[in-house]
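Observations on the three-dimensional arrangement
Below are the chains, spelled out letter by letter.
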Amino acid sequence: MNVPVPNNLEAFWMPFTANRQFKKAPRLLASASGMYYTTVDGRKLLDAAAGLWCVNAGHGRREIVEAVANQVGELDYAPAFQMGHPKAFELAARLTSMLPKPLDHVFFTNSGSESVETALKIALAYQRARGKGTKTRLIGRERGYHGVNFGGISVGGIPTNRKFFGSLLTGVDHMRHTHDLERNAFTRGQPEYGAEFADELERIIYLHDASNIAAVIVEPMSGSTGVLVPPKGYLERLREICTKHDILLIFDEVITGFGRLGAPFAVDYFGIVPDMVVTAKGITNGVIPMGAVLCSSEIYDAFMTGPEHAIELFHGYTYSAHPVACAASMATLDIYAKEGLLTRGPELAQYFEDALHSLKGLPHVIDIRNIGLVGAIELRPIDGEPTKRAFSAFLSAYEKGVMMRTTGDIIALSPPLIVTKEQIDFLVSVIADVLKALP
Ligand SMILES: Cc1ncc(COP(=O)(O)O)c(CNc2cccc(C(=O)O)c2)c1O
């Protein structure tokens with residue numbers, strides 16, 4: 001069934017898109033089910049990106065559709081400022097039960113970017129609330145991605161996401177990234193070398209003094225920059241240093257949360273408990289925008305002082321804890337639990353890893369990285385034309401029935417957690433054909 005292409009493509013300014021290229025040959029999706037999209041001209045595409053790292057349970061899940069339909073018909077919107085609705089509290093309790101203590105409180109947002117801003121603001125306000133208001137500096141990491149709002153691009157470390165917007169927030173430092181192609185190329189899972197990169201944090205703390213530093217924010221595994229898997233011992237070291245210097249550690253789990261690594265969260269996978277966890281994406285299987293920041297009781301309790309009629313934290317969004325988003329999330333979590341999707345990684349991760357690394361030796365491949373159900377194939381850039389080779393691979397894969405993500409000259413793979421071995425084989429065979437034919 002062909003769906004008509006809109007005649008006005010100009011009005012929509014597309015995000016993170018080569019608008020002119022797209023509008024000359026639009027790639028329009030008409031429907032989705034399970035592992036597949038269907039384009040407006042009826043072509044099936046294997047979704048190798050889980051949409052944008054968010055459709056972890058696969059597309060068109062009836063249970064979520066019904067939960068959303070029922071909810072919107074019953075309570076379409078409810079304010080969460082000074083008012084509430086039961087699902088917000090039920091969902092918050094459910095989420096905190098999925099993470100270890102002391103992560104016992106949830107602040108709801110509408111996206112990963114809003115969750116990052118929320119976490120950074122809570123970190124600053126927390127330090128002030130406990131009488132350590134000099135602790136205002138925020139520390140991110142090179143090649144970190146923390147969304148696109150001012151806080152997120154300030155602590156983020158991807159130059160193209162920053163350079164267009166001028167000076168950004170002051171009072172921000174960055175650790176070096178953990179990528180080490182010399183020592184760790186073609187590593188399967190966590191690299192052996194690089195734990196010592198965490199000692200950069202000690203250097204930054206020495207320079208500014210801990211009395212001026214509020215928090216460190218990192219992606220446990222950096223996704224958007226092209227899948228940088230933390231070296232063995234690196235995250236443990238960060239946790240140690242933050243604890244030693246009384247600095248909050250924030251894990252941005254917008255990508256790693258909800259099963260992506262083969263465990264419910266990176267917190268579980270690496271066995272490290274930060275002071276806050278930032279989430280979004282998989283929280284509603286991508287169906288309804290939602291984010292959530294899980295905070296320790298220590299943080300929450302620091303605000304719960306002063307007159308009881310007073311608002312403790314002057315922050316929040318019109319759609320925080322939106323009833324329909326809550327319903328979508330509850331239904332999503334039910335699917336994850338019923339189908340064991342949050343712990344499916346180990347069953348498939350080895351197969352996925354072997355399939356990915358079978359691409360070693362193909363034209364232009366300079367590195368392959370993987371962890372859980374995330375993979376990356378790094379390509380040698382074309383001299384003077386960075387990103388072009390990967391973009392050509394993206395276009396070629398699209399023609400061959402695969403939708404995948406690229407970032408820089410890296411192919412990033414993050415299929416829905418329902419992916420089968422046969423679909424992994426198909427995906428890898430298409431990528432192999434694409435790479436062999438690339439100029
Ligand atoms: C770690 C992290 N933090 C925050 C955000 C921002 O979330 P929102 O987009 O919902 O505001 C993200 C989002 N990550 C993201 C979003 C879209 C595309 C890609 C890609 O790598 O292709 C990655 C993310 O990966």
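Residues numbered from 1 in each chain as written. Predicted model: local features only at pLDDT ≥ 70, side-chain atom pairs only at ≥ 80, totals over all residues. Heavy atoms only, no water.

As recorded by an unreviewed UniProt entry, the chain carries the name Aspartate aminotransferase family protein and is attributed to Pleomorphomonas diazotrophica. The annotation that UniProt attaches to the chain under Cofactor (unreviewed entry) is "pyridoxal 5'-phosphate". The annotation that UniProt attaches to the chain under Sequence similarities (unreviewed entry) is "Belongs to the class-III pyridoxal-phosphate-dependent aminotransferase family." (UniProt positions renumbered as here; feature names shortened; annotations may be inferred.)

Turning next to the sheet that holds strand S6 (residues 172-175). The seven strands lie next to each other as S4-S10-S9-S8-S7-S5-S6, forming an open sheet whose pairing is mixed. Edge positions in the sheet fall to strand S4 (103-109) and S6, since each of these pairs with one other strand and no more. For this sheet the average axis-to-axis angle between neighbouring strands, irrespective of direction, equals 20 degrees. In terms of strand pairing, S4 meets strand S10 (residues 291-296) through six bridges, oriented antiparallel. (Pairing = 2+ DSSP bridges. Helix = DSSP H or I, 4+ residues; strand = E, 2+ residues; numbered from the N terminus. Axes fitted to C-alpha atoms, helices over the stretch in contact; angles between N-to-C directions.)

The subject of this paragraph is the layout of surface pockets. Quantified by volume, the second largest pocket comes out at close to 1,100 Å³. Every residue lining the second largest pocket is counted, 30 residues in all, and those nearest its centre are Ala 80, Val 106, Phe 107, Tyr 300 and Glu 312. For the lining of the second largest pocket, the elements supplying multiple residues, two or more each, are helix H4 (86-98), S4, S10 and helix H12 (297-303). The dominant element in the lining of the second largest pocket, judged by the number of residues it contributes, is S4, at five residues. In terms of residue class, the lining of the second largest pocket is made up of 21 nonpolar, seven polar and two charged. (1 Å grid on protein atoms, 1.4 Å probe; cavity = no way out; pocket = protein on both sides within 12 Å on 5 of 7 lines; lining within 4 Å. Points joined across faces, edges and corners; volume = space filled by probe spheres on them. Nonpolar A, V, L, I, M, F, W, Y, C, P; charged D, E, K, R; others polar.)

What follows concerns the pattern of salt bridges. Under the defined criterion, the tally for this structure stands at 22 salt bridges. In this structure, Asp 180 engages Arg 183 in a salt bridge whose closest nitrogen and oxygen atoms are separated by 2.5 Å. For Asp 180, a relative accessible area of 12% corresponds to the buried category. The residue Arg 237 makes a salt bridge to Asp 199 at a minimum N-O spacing of 2.7 Å. A residue pair is termed long-range when its members are at least 10 positions apart, and Arg 237 in helix H10 (residues 234-244) and Asp 199 in the loop between helix H8 (181-184) and helix H9 (200-208) qualify at 38 residues. (Salt bridge = Lys/Arg side-chain N within 4 Å of Asp/Glu carboxyl O. Buried < 20%, exposed > 50% of the residue type's maximum accessible area, 1.4 Å probe, protein only.)

With respect to the secondary-structure elements, Asn 370 resides in strand S11 (residues 365-371). A polar side-chain atom of Asn 370 sits 2.9 Å from a polar atom in the side chain of Glu 353. Sequence-distant contacts of Asn 370, that is, excluding residues within four places in its chain, are made with Thr 187, Arg 188, Gly 189, Val 229, Glu 353, Leu 356, His 357 and Gly 375. (Polar contact = N/O pair within 3.5 Å; in protein donor to acceptor, adjacent residues only side chain to side chain. Contact = heavy atoms within 4.5 Å.)

Further remarks concern the confidence of the model for the chain. Looking at the chain, pLDDT values average 97 and 100% of them are 70 or higher. Within the chain, helix H14 (residues 345-357) has the poorest average pLDDT of any element, 93, and strand S8 (residues 248-252) the best, 99. Across the interface, the model reports ipTM at 0.99; the global pTM reads 0.98. (pLDDT = per-residue confidence, 0-100.)

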